[in-house]
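If you want the building blocks of each chain, they are given just below.
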Amino acid sequence: QAFFCLLLCIPWGSSCPPSCQCTERAGAKAVLCSSQHLEEIPKDIPKDAVFLKLDANSITRIPSNAFRHLSHLEELDLSRNAIEKIDRAAFKGVAAGLRTLDLSSNRIRSIPKEALLALNAKLRLANNPWHCECALQEVLWEARLDPDSVQDITCHTAPREEYVGKPLLQVLDAGVNFCSVRQRTTDVAMFITMFGWFAMVIVYVICYVRHNREDTCKHMEYLKSLPSTQGHAE
């Protein structure tokens with residue numbers, strides 16, 4: 001009987017990644033892979049996983065479609081890793097059902113807004129070395145951020161030194177708009193480009209007129225040097 005029970009347990013265990021533990025929580029499958037020195041997201045996570053904990057590992061990147069096969073996933077914990085890069089389609093396939101996504105305490109400086117704005121999940125983004133820019137501002141405005149951690153989204157770098165070290169929410173409350181700064185920069189660049197083209201056209205016209213004037217003068221001098229018709233008649 002003990003051997004029979006062991007056989008019954010094999011399919012459950014074999015569907016679980018080697019470094020993880022698969023259990024049940026409130027009748028739903030929970031996959032626990034915390035503190036396992038993982039450097040990438042396991043590829044053999046059970047498809048019926050509802051809770052997935054990958055916290056306290058050494059994961060550096062979330063590639064596209066990393067969780068696409070986990071259509072039942074509701075809670076995803078990726079906190080306390082070394083994540084630096086998140087692809088645009090990183091959470092494709094789980095956007096509709098995901099309720100909680102924890103990306104706190106990583107090495108994220110910037111993130112494609114498309115990766116997060118498609119989610120309905122409550123986001124935790126605190127304690128990352130954020131570069132405060134327009135994309136992060138749009139995430140703050142449009143995404144569902146965890147109100148308990150939003151104050152810990154701090155500008156590690158920013159377009160202006162005075163914003164560094166301050167909570168992003170505090171900077172925005174002071175009237176700063178990173179998106180308008182980017183728009184002004186784009187407008188200035190366009191103005192400089194247009195001015196450059198205009199200057200080139202003016203220079204071309206001046207050179208063209210000067211060249212034609214010189215040709216006209218040479219032609220007039222040539223005509224003057226020719227013997228006159230009256231002189232031939234005499």
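Located above this text is the structure these notes cover.
Residues numbered from 1 in each chain as written. Predicted model: local features only at pLDDT ≥ 70, side-chain atom pairs only at ≥ 80, totals over all residues. Heavy atoms only, no water.

**Focus: the overall build of the protein chain**
As a reminder of what qualifies: A run of DSSP states H or I qualifies as a helix once it reaches four residues; a run of E qualifies as a strand once it reaches two. Both are numbered from the N-terminal end. Summary of the burial criterion: residues with accessible area below 20% of their type's maximum are buried, those above 50% are exposed, and those between are partly exposed, where the area comes from a 1.4 Å probe applied to protein chains only. Residues are treated as being in contact if the distance between any of their heavy atoms lies within 4.5 Å.
Check the secondary structure of the protein chain and you find six helices and ten strands. Among the 234 residues that make up the protein chain, the fraction classed as buried is 35%. Counting contacts in the protein chain only where the partners sit at least 6 residues apart, residues at least 24 apart contribute 43% of the total.

**Section: the pattern of salt bridges**
The test is simple: The rule for a salt bridge is simple: a side-chain nitrogen of Lys or Arg has to be within 4 Å of a carboxyl oxygen of Asp or Glu.
Scanning the model with the defined rule gives 14 salt bridges in all. One salt bridge in this structure joins Lys29 and Asp48, with 3.1 Å as the shortest N-O distance. Here Lys29 is found in strand E2 (residues 28-32), whereas its partner Asp48 is found in the loop between E2 and strand E3 (49-53), with 19 residues between them in sequence. Judged by relative accessible area, Lys29 falls into the buried class, the value being 9%. In this structure, Asp87 and Arg61 form a salt bridge, with 2.6 Å as the shortest nitrogen-oxygen distance. Pair noted here: Asp87 is in the loop between strand E6 (85-86) and strand E7 (100-102) and Arg61 is in strand E4 (residues 61-62), with a separation of 26 residues, a long-range link. You can call Arg61 partly exposed: its relative accessible area is 41%. Because the salt bridges share partners, they merge into one network encompassing Lys53, Asp55, Asp77 and Arg80.

**Points about the environment of Glu84**
Note that Glu84 resides in the loop between strand E5 (75-77) and E6. Relative accessible area serves as the criterion here: at 49%, Glu84 is assigned to the partly exposed category. When the C-alpha positions of Glu84 and Asn106 are compared, they lie 7.2 Å apart, and in sequence the two are 22 residues distant. Beyond its immediate chain neighbours, meaning those up to four positions away, Glu84 contacts Thr60, Arg107 and Ile108.

**Some words on the nonpolar core**
Just so we agree on the cut-off: We define a nonpolar core as any set of buried Ala, Val, Leu, Ile, Met, Phe, Trp, Tyr and Cys residues linked to one another through side-chain atoms lying within 4.5 Å.
Within the largest apolar cluster, 53 residues are counted, with the highest numbers of intra-cluster contacts made by Ile62, Phe67, Leu78, Phe91, Leu101 and Leu103. Only E3, helix H2 (113-117), helix H3 (134-142) and helix H4 (168-173) provide two or more residues apiece to this core. Once residues lying within four places of it in the same chain are set aside, the contact partners of Ile62 are Ile41, Phe67, Leu78, Ile83, Lys85, Ile86, Asp87, Ala90, Phe91 and Leu103.

**As for the sheet that holds E3**
Selection criterion: Whether two strands pair comes down to DSSP finding at least two bridges between them. Here the axes come from fitting lines to C-alpha atoms, over the contacting stretch only for helices, and the angles between their N-to-C directions go from 0 to 180 degrees.
Pairing within the open sheet is mixed, and its six strands lie in the order E1-E2-E3-E5-E7-E8. Of all the strands in the sheet, the pair left with one neighbour each is strand E1 (21-25) and strand E8 (122-124). For this sheet the average axis-to-axis angle between neighbouring strands, irrespective of direction, equals 15°.

**Some words on H3**
Counting buried positions along H3 yields seven of nine residues, so the element is predominantly enclosed. Taken together, the buried positions of H3 are occupied by Cys134, Ala135, Leu136, Gln137, Glu138, Val139 and Leu140.

**Some details on unusual backbone geometry**
Phi at Ser35 takes a positive value of approximately 55°, unusual for a residue other than glycine. Counting through the fold element by element, Ser35 comes out in the loop between E2 and E3. Positive phi values are uncommon outside glycine, yet Asn65 reaches one of about 60°. Tracing the backbone through its elements, the reader meets Asn65 in the loop between E4 and E5.

**With respect to the state of the cysteines**
Test applied: Cysteine sulfur atoms that pair up within 2.5 Å are treated as a disulfide.
This model, assessed by the stated rule, comprises four disulfides. Shown here is the disulfide that connects Cys132 with Cys155, its sulfur atoms set 1.9 Å apart. A torsion of -100° about the S-S bond marks the disulfide between Cys132 and Cys155 as left-handed. Here Cys132, found in the loop between strand E9 (130-131) and H3, pairs with Cys155, found in strand E10 (residues 155-157); they are 23 residues apart in sequence, far enough to count as distant. For the pair shown, Cys132 and Cys155 are each scored as buried.

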